[in-house]
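Now for the letters of each chain:
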Amino acid sequence: RISRSLFENIDGISASLIEDEIRNTIDNFEPRVELIDVVVAPNYENNEFNVTISYNIVGVDALQQQLSFALQQTR
């Protein structure tokens, strides 16, 4: 469903839908991590969404992990 959101207007509503989809996917299909936070911010100038996911790895004594990337439309 994220790919459909990428073809909508770049706005806060689309960012919220993408954030919810990422949260639900990780919660439902990735038991190896404890999700801490998901932040999706529209980047109007580059026509993309900047995403940051913060999580802990279950069963590993390590610092909180963070993954950042940009989501863009593909043609």
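Below is a short write-up of the structure. Values in this document were obtained by computation on a predicted structure and should not be read as measured data.

Reading the values: the criteria
Residues numbered from 1 in each chain as written. Predicted model: local features only at pLDDT ≥ 70, side-chain atom pairs only at ≥ 80, totals over all residues. Heavy atoms only, no water. Helix = DSSP H or I, 4+ residues; strand = E, 2+ residues; numbered from the N terminus. Contact = heavy atoms within 4.5 Å. Pairing = 2+ DSSP bridges. Axes fitted to C-alpha atoms, helices over the stretch in contact; angles between N-to-C directions.

With respect to the helices, strands and loops of the structure, E21 is situated in helix α2 (residues 12–29). For the pair E21 and I2, spaced 19 residues apart in sequence, the C-alpha separation works out to 6.9 Å. With residues near it in sequence (within four places) discarded, E21 still touches R1 and I2.

A word on the side chain of S54. Among the structural elements, S54 can be located in strand β2 (residues 48–57). Discounting chain neighbours no more than four positions away, the residues touching S54 are L35, I36, D37, Q64, Q65 and Q66.

Moving on, we get to the sheet that holds β2. One key point about sheets: their strands pair by backbone hydrogen bonds, in either a parallel or an antiparallel sense. One open sheet accounts for three strands, arranged β1-β2-β3; its pairing is antiparallel. Taken across any chain shown, the strands that pair with only one partner, and hence form the sheet edges, are β1 (33–43) and β3 (65–72). Averaged over all pairs of adjacent strands, the angle between strand axes in this sheet comes to 15°, irrespective of strand direction. Examined bridge by bridge, β2 and β3 share eight bridges and lie antiparallel to one another. By the bridge assignment for β3, N50 is matched with A70.

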